[in-house]
Amino acid sequence: MDAANLNQLKQFIEQCKSNPSVLSDPSLSFFRDYLESVGCKLPPSAYRAEESPYGKSKSYVVDESDEDMEDDEEEHQPRGTADEEEESEIIESDIELEGEIVEPDNDPPQKMGDPSVEVTEEDRDASQGAKAQAMEAISEGKLKEAIEHLTKAILLNPTSAIMYATRASVFIKMKKPNAAIRDANAALEINPDSAKGYKSRGMARAILGQWEEAAKDLHLASNLDYDEEISIVLKKVEPNAHKIDEHRRKYDRLRKQREDRKIERERQRRRAEAQAAYERAKKKEQSSSSSRAGGMPGGFPGGMPGGFPGGMPGGFPGSMPGGMPNVDYSKILNDPELMAAFKDPEIMAALQDVMKNPANIAKHQENPKVAPIIAKMMGKFAGPK
């Protein structure tokens, strides 16, 4: 750019400074847009009434950088619905089980003996007699009568596990599984190794549909005293118990996988938020650096020739204090090394530091990146020799 054009440009800038309304001319809208793009906040007089950002909203905010606007847009962008949507609750399928079950009996609890009473030999003999009558009633199919005889036998000898277990077996025949379980529990409290107690409780649980508990009791009974009836019942109980176990394992696994996916989504969400926060901070830092490097219009670089970022208080090294040397700015503008250097935030910060106080040049002399640029600038501003 020759000296005449440069002088005209300087005069235009001075006119804009003294009378910003010059910029309201539509033919200069391109220049006003440029000033706004580098972060300048123009006074209201620089706009026509219908264009003024002070009178109505515009598509941009003058005192925000493009990066800040992008950040705001990013923050308000809705997250993908796939990430936000929670997985639907796992609904377990029905299990196809075999075997007949009965409704629980809700009769009042049967009479139980007092295990703390002292049992005499006569009581034991009478108890055995009542049991014999019960067995005869059972053979005749008189189950209710058998329960009455066994209840008498239990009251006479409440320390006999076999009496409770026998009555439990009769309750099973009567389809009263809860009563049978109460008797089986009483038998097992007296004798924890009562095979008939486990057998009766296992069979009662089976007709209630408590397949896994039934299988456990029946296996214990079989280990203590195997009989054919236990084996027959186990063949009906075990397939159902296995199906229930497999079903539970399957859905436990599915629920764990669902929970693992939820944890992973949360981890990815937090990672994405952290990354987004980092990117925003990085953009703001770059924007801040660009604003410092760009300067105000009328400054250099990023503005219009006619000055340098931060002004020239006291003169730049090599210039005359209080005055401006005769500088050929075309040499600066056409110097690729300088133009590239002006885009480096570190170099621009150092140059502005020197311009604020020329004595600060000493602290930048050891910087291999900054020192050569300062030396070249000093050469440019030194003027003709």
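Refer to the structure printed above.
The rules behind each value
Numbering of residues begins from 1 in every chain and follows the order in which that chain's sequence is written. Selection of residues for local features in this predicted model requires a pLDDT of at least 70, selection of side-chain atom pairs for listing and counting requires 80 or more, and totals for whole chains, interfaces and linings are taken over all residues. Derived side-chain values reflect all non-hydrogen atoms in the structure, with water molecules and hydrogen atoms excluded from consideration. Starting at the N terminus, helices and strands are each numbered in turn, a helix being any DSSP run of H or I of at least four residues and a strand any DSSP run of E of at least two. Here's how the labels work: a residue is buried when its accessible area is under 20% of the maximum for its type, exposed when over 50%, partly exposed in between, all with a 1.4 Å probe on protein chains only. We call two residues in contact when some of their heavy atoms are within 4.5 Å. Here the open area of atoms and residues is found with the Shrake-Rupley method and a 1.4 Å probe, where only the protein chains shown may cover a residue. As used in this structure description, the phrase polar contact means that two N or O atoms lie within 3.5 Å; if the pair is within protein, one of them must be able to donate a hydrogen and the other to accept it, and residues adjacent in sequence are counted only when both atoms belong to side chains. Each residue after the first adds 1.5 Å to the expected span of a helix. As used in this record, nonpolar core signifies buried Ala, Val, Leu, Ile, Met, Phe, Trp, Tyr and Cys residues forming a set joined through side-chain atoms within 4.5 Å. The term salt bridge refers to a side-chain nitrogen of Lys or Arg lying within 4 Å of a carboxyl oxygen of Asp or Glu. Only C-alpha atoms enter the line fits that serve as axes; for helices the fit covers just the stretch in contact. Angles between N-to-C directions range over 0 to 180 degrees. Roughly parallel refers to an angle under 35 degrees, roughly antiparallel to one over 145, roughly perpendicular to one between 65 and 115, and oblique to any angle outside these ranges. Each crossing gets its hand from how the near helix is turned against the far one by less than a right angle, where anticlockwise is left-handed and clockwise is right-handed.

As a further point, take the overall build of the protein. Each helix and strand counted, the protein has 15 helices and zero strands in total. Across the 385 residues of the protein, 36% fall into the buried class. Partitioning the intrachain contacts of the protein with sequence separation of at least 6 by distance along the chain shows that 57% fall at a separation of at least 24. With an accessible surface of roughly 23,300 Å², the protein has 52% of that area assigned to carbon and sulfur atoms.

This next bit is on the side chain of Asn 360. Of note, Asn 360 is situated in the loop between helix 14 (345-356) and helix 15 (370-381). On the basis of relative accessible area, Asn 360 is assigned to the buried category, the value being 19%. Among the polar contacts listed, one links the side chain of Asn 360 to the side chain of Asp 353, at a separation of 3.0 Å.

For helix 9 (residues 195-207), which comprises 13 residues, the first-to-last C-alpha distance of 19 Å matches the rise-based estimate of 18 Å (1.5 Å per residue) to within 8%. Burial analysis of helix 9 places 12 of its 13 residues in the buried class, the great majority of the element. Of all the residues in helix 9, the buried ones are Ala 195, Gly 197, Tyr 198, Lys 199, Ser 200, Arg 201, Gly 202, Met 203, Ala 204, Arg 205, Ala 206 and Ile 207.

This part takes up the nonpolar core. If you look at the biggest cluster of nonpolar residues, it comprises 29 residues, and the most contacted ones within it are Ala 180, Trp 211, Leu 218 and Val 237. Where this core is concerned, the elements lending two or more residues are helix 5 (121-139), helix 6 (143-156), helix 7 (161-173), helix 8 (177-190), helix 9, helix 10 (211-224) and helix 11 (228-294). When residues of this core are assigned to their parent elements, the largest contribution, six residues, is made by helix 11. Contact partners of Ala 180, with chain neighbours within four places excluded, come to Ala 168, Phe 171, Ile 172 and Ala 204. Core analysis: the next-biggest nonpolar cluster, separate from the first, contains 14 residues, Leu 338, Val 370, Ile 374 and Met 377 among them.

So, on to the pattern of salt bridges. Summed over the entire model, instances satisfying the criterion amount to 22 salt bridges. When the shortest N-O distance is used, the salt bridge between Glu 229 and Lys 199 registers 2.7 Å. Linking Glu 229 in helix 11 with Lys 199 in helix 9, this pair joins segments that are 30 residues apart in sequence. Of the residues examined, Glu 229 reaches a relative accessible area of 38% and is grouped as partly exposed. Between Glu 264 and Arg 267 there is a salt bridge; the shortest N-O distance is 2.6 Å. Remark: Arg 267 and Glu 264 occur in helix 11; sequence separation between them is three residues, near one turn of the helix. Taking the relative accessible area as the measure of exposure, Arg 267 reaches 42% and is therefore partly exposed.

Right, let's talk about the side chain of Asp 183 for a bit. Positionally, Asp 183 belongs in helix 8. Once you skip the residues sitting within four places of it in the chain, Asp 183 turns out to touch Gln 110, Met 112, Tyr 164, Arg 167, Ala 168 and Phe 171.

The next subject is the packing of helix 5 against helix 7. Closest axis-to-axis distance for the helix 5/helix 7 pair is 12 Å, and the angle between their directions is 20°. One way to sum up the angle between helix 5 and helix 7 is to call them roughly parallel. The handedness of the crossing between helix 5 and helix 7 comes out as left-handed. The residues of helix 7 that touch helix 5, namely those facing Ser 127, Gln 128, Lys 131, Met 135 and Ile 138, are Ile 162, Met 163, Thr 166, Val 170 and Lys 173.

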